[in-house]
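# Observations on the three-dimensional arrangement
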Amino acid sequence: MIIAFDGNVFAGKTSLIKALSAIADFVVINEHNYFLNAEILNHDITSRESAISLQLKYMDAEERRCTKLKPHKMNLVDRSFVSMAAHIFALNSVPGVDIREWFIQEIRERMGSKKVVIPDVFCFVKCERNIIIKRIRENNSRNTTSTYYASGYLDAIEYFNQNWANKVGSLIVDTDTTLPIGLAKILIQQTS
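Here is a short report on the structure shown in this document. (Residues numbered from 1 in each chain as written. Predicted model: local features only at pLDDT ≥ 70, side-chain atom pairs only at ≥ 80, totals over all residues. Heavy atoms only, no water.)

We now examine the nonpolar core. Judged by nonpolar contacts, the single largest core of 56 residues is most densely connected at F5 and F103. Ranked by the residues each element gives to this core, the list is headed by helix α4 (residues 81-93), at eight residues. Once you skip the residues sitting within four places of it in the chain, F103 turns out to touch Q55, M59, F81, M84, A85 and I88. (Core = buried A, V, L, I, M, F, W, Y, C linked by side-chain atoms within 4.5 Å. Buried < 20%, exposed > 50% of the residue type's maximum accessible area, 1.4 Å probe, protein only. Helix = DSSP H or I, 4+ residues; strand = E, 2+ residues; numbered from the N terminus. Contact = heavy atoms within 4.5 Å.)

Structure representation (structure tokens):
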């Protein structure tokens, strides 16, 4: 089984996955950045070309992540193609770069050739914007590009993920108040 955790930056996806993996013997598939090493030095998107170039690197990382899945284990995936799609949707709002048609064609081709992780369960991890901003400030060593915490961008990611969750019946986890270990136990109960 594959469970994907999608949502805004600093919503608590990675912390929730770490808490789950501490409870049971799950396979953890790290987010795309882990597979990119130093390939991406700058996440600033100033044009359609820079957006496509960056997204191609993430899609190549997605292909590498496919090789890490274990068929007879519970796989916890930190971000999925849903996060990619939400990002493409948000880019159209902030900074106004539209690569949606390109992305749909590219992701369709990669899905057809099994170069994309297709989760069995989607988990939308969310929290209030003020908590995201606080977490970003507390973790400024990660150098998160300002586009990714601009109000319009955060709103677009939230909107996309909420609509996806409603459409496919995702689990929704709010990390505002509950500690990751408590959320992890609830999530295990819901998916078992």
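Read on for the rest.
The next point concerns the pattern of salt bridges. When charged atoms on two side chains of opposite charge get close, those side chains can pair. Counting across every chain of the model gives eight salt bridges. Between E62 and R65 there is a salt bridge whose closest N-O contact spans 2.9 Å. Of the two residues, E62 and R65 are both situated in helix α3 (residues 48-66); the distance of three residues between them amounts to about one turn of the helix. R65 carries the same exposure label as E62, and that label is buried. (Salt bridge = Lys/Arg side-chain N within 4 Å of Asp/Glu carboxyl O.)

So, about the side chain of D6. Following the sequence through the fold, D6 ends up in strand β1 (residues 2-6). Within polar-contact distance, the side chain of D6 engages the backbone nitrogen of S80 at 2.7 Å. (Polar contact = N/O pair within 3.5 Å; in protein donor to acceptor, adjacent residues only side chain to side chain.)

Here we take up the packing of aromatic side chains. In total, this model carries six aromatic pairs according to the counting rule given. Seen in terms of ring centroids, F89 and Y159 are 5.9 Å apart; in terms of plane orientation they differ by 20°. Their pairing is stacked. You can see F89 sitting in helix α4 and its partner Y159 sitting in helix α7 (residues 151-168), a full 70 residues away along the chain. Taking the relative accessible area as the measure of exposure, F89 reaches 25% and is therefore partly exposed. Feature note: the residues F81, F122 and W164 constitute an aromatic cluster, connected by ring pairs. (Phe/Tyr/Trp six-rings, centres within 6.5 Å; stacked < 30°, edge-to-face > 60°.)

Quick look at the pairing of β1 now. Regular strands place their side chains on alternate faces of the sheet. By the criterion of burial, β1 is predominantly enclosed, with five of the five residues buried. Alternating residues of β1 divide into I2, A4 and D6 and I3 and F5, and every residue in both groups is buried. As judged from the four bridges shared by β1 and strand β3 (residues 75-78), these two strands associate in the parallel manner. Bridge assignment links I3 to a residue of β3, and that residue is L76. In the sheet, β1 pairs with strand β4 (residues 121-126) via four bridges, with the strands oriented parallel. Counterpart to F5 in the pairing with β4 is C123. (Pairing = 2+ DSSP bridges.)

Glancing now at the sheet that holds strand β2 (residues 27-29). Taken in spatial order, the five strands make up an open sheet running β2-β3-β1-β4-β5, and their pairing is parallel. Looking along the sheet, the strands with just one partner apiece sit at the ends: β2 and β5 (171-174). Strand-to-strand twist across the sheet, computed as the mean angle between neighbouring axes with direction ignored, equals 20°. Here helix α1 (residues 13-23) sits on the sheet in contact with β1, β2, β3, β4 and β5, set at roughly 165° to β3. (Axes fitted to C-alpha atoms, helices over the stretch in contact; angles between N-to-C directions.)

This part covers empty space enclosed by the protein. Going through the model one piece at a time under the given rule, you end up with one cavity of 30 Å³ or more. By volume, the largest cavity is sized at about 30 Å³. Residue lining of the largest cavity: D6, V82, F122, F124, N161, W164, A165 and S170, and that is the complete set. Breaking the lining of the largest cavity down by element, the ones donating at least two residues are β4 and α7. When residues in the lining of the largest cavity are grouped by element, the largest group, three residues, is from α7. (1 Å grid on protein atoms, 1.4 Å probe; cavity = no way out; pocket = protein on both sides within 12 Å on 5 of 7 lines; lining within 4 Å. Points joined across faces, edges and corners; volume = space filled by probe spheres on them.)

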